[in-house]
Amino acid sequence: MTNVILLGPPGAGKGTQAKRLVDERGMTQLSTGDMLRAARSSGSEMGLKVAAVMDAGGLVTDEIVIGLIREKLESGESNGYIFDGFPRTLGQADALGALLDQIGQKLDAVISMQVDDSALVRRVTGRYTCANCGAVYHDETHPTKVDGVCDSCGSTNLVRRADDNEESLRHRLMEYYKKTSPLIGYYYAKGDLSSVDALAKVEDVAGAIKDILDR
Ligand code: ADP
Ligand code: ZN
């Protein structure tokens, strides 16, 4: 059983690598971003409450996201968790440590996905995903083989995120540097941190992550 955090700015490729780990290792992806978007499209009270914050690129309160993760960890059996987009603040990191303790598990690795900021704008503003299976595409670097049709599942429901525009991205990056990047030091000090070059090809990033998890 391996539990891993993927840590990095928006556009670093956390979701892409998380999906691979799900397919290849049967691990469970816990993406607070996906959970919040699901809550939002279900029209739940919480979803409506966080929608404006998300669209503007701000962070949702610790209380809400910790609640979402707690629910999953307490209800689930798993072959290992991939935390994608969580924790994003020091408060969330402490809470995750305590939650894992409670269920008798530990964190095995924290992988810092390193990218140049200059690459992020292009990555994020060209991004779209399959609403059915979650596959991630990019206008220039990784378009679908057939225009408008998902390679993996054949769905034509391809969508862009409301916050994948340049203005929201700038705000997301600011939040990342102010609130999330301190986690790199936090996990380094705990001895859990590894880094990968997230500007490498998807395959190579996946290989580097595999090496860390198999170590
Ligand atoms: P990205 O990593 O590309 O920015 P995510 O899908 O992980 O995207 O998150 C999208 C948005 O959801 C964030 O900008 C934020 O508003 C909210 N969010 C997701 N995870 C968290 C979290 N752990 N804490 C606070 N807000 C979060
Ligand atoms: Zn699909």
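Source: prediction; values computed, not measured. All chains use their own residue numbering, which begins from 1 and follows the written sequence. Each chain gets a letter, beginning with A, and each ligand a number, beginning with 1, in the order they are written. Only residues with pLDDT of at least 70 are given local features in this predicted model, and only at 80 or more are side-chain atom pairs given and counted; all residues enter the totals for whole chains, interfaces and linings. The basis for every side-chain value is the complete set of non-hydrogen atoms in the structure, without hydrogens or water.

With that settled, consider the site of ligand 1. As a structural note, the neighbourhood of ligand 1 is formed by 19 residues, with Thr32, Arg37, Gly58, Gln92 and Arg172 the closest of them. Throughout this description, a polar contact denotes any pair of N or O atoms lying within 3.5 Å of each other; where both atoms belong to protein, one of them has to be capable of donating a hydrogen while the other can accept it, and for residues adjacent in sequence the pair is counted only when both atoms sit in side chains. Lys14 is positioned such that a nitrogen or oxygen atom in its side chain is 3.1 Å from an oxygen atom of ligand 1. Between a nitrogen atom of ligand 1 and a side-chain N or O atom of Arg88, the distance comes to 3.1 Å. Counting from the N terminus, the helices are the DSSP runs of H or I reaching at least four residues and the strands are the DSSP runs of E reaching at least two. Here the element with the most residues in the shell around ligand 1 is helix α2 (residues 32-41); it accounts for 4 residues. In this count, Pro and Cys sit with the nonpolar residues alongside Ala, Val, Leu, Ile, Met, Phe, Trp and Tyr, while Asp, Glu, Lys and Arg are called charged and the others, Gly among them, polar. Considering only residue class, the shell around ligand 1 consists of 7 nonpolar, 5 polar and 7 charged. Near, as used in this document, describes a residue that has one of its heavy atoms within 4 Å of the molecule or strand being considered.

Each protein donor to the zinc ion (ligand 2) is listed here as Cys130 (SG), Cys133 (SG), Cys150 (SG) and Cys153 (SG); together their distances run 2.3 Å. Think of the donor list as every N, O and S atom within 2.8 Å of the metal, or within 3.2 Å for Na, K and Ca; water never makes the list, so a site can look incomplete. Any site counts as irregular unless it has four donors with all angles between 85 and 135 degrees, making it tetrahedral, or four or six donors with opposite ones more than 155 degrees apart and the rest between 65 and 115, making it square planar or octahedral. With 4 donor atoms in place around the zinc ion (ligand 2) and angles of 103 to 114° between them, the coordination shape is tetrahedral. Sequence spacing of the donors to the zinc ion (ligand 2): C-x2-C-x16-C-x2-C. Here the residue Cys133 occupies a position in the loop between β5 (127-130) and β6 (136-138), and Cys153 occupies one in the loop between β6 and β7 (158-159), the gap between them amounting to 20 residues.

Another point: the layout of surface pockets. Empty space among the atoms can be located by rolling a probe the size of a water molecule over them. Looking at the second largest pocket, its volume works out to about 150 Å³. Mapped by element, the contributors of at least two residues to the lining of the second largest pocket are α5 (90-102) and α8 (182-190). Take the lining of the second largest pocket: its biggest share by element is 5 residues, from α5. A breakdown of the residues in the lining of the second largest pocket according to their chemical character gives 5 nonpolar, 2 polar and 5 charged. In the cavity and pocket records, a cavity denotes points on a 1 Å grid over the protein atoms alone where a 1.4 Å probe fits but cannot get out, a pocket denotes an open set with protein on both sides within 12 Å along at least 5 of 7 lines, and lining residues are residues with an atom within 4 Å of a point. Grid points are joined across faces, edges and corners, and a volume is the space filled by probe spheres set on the points.

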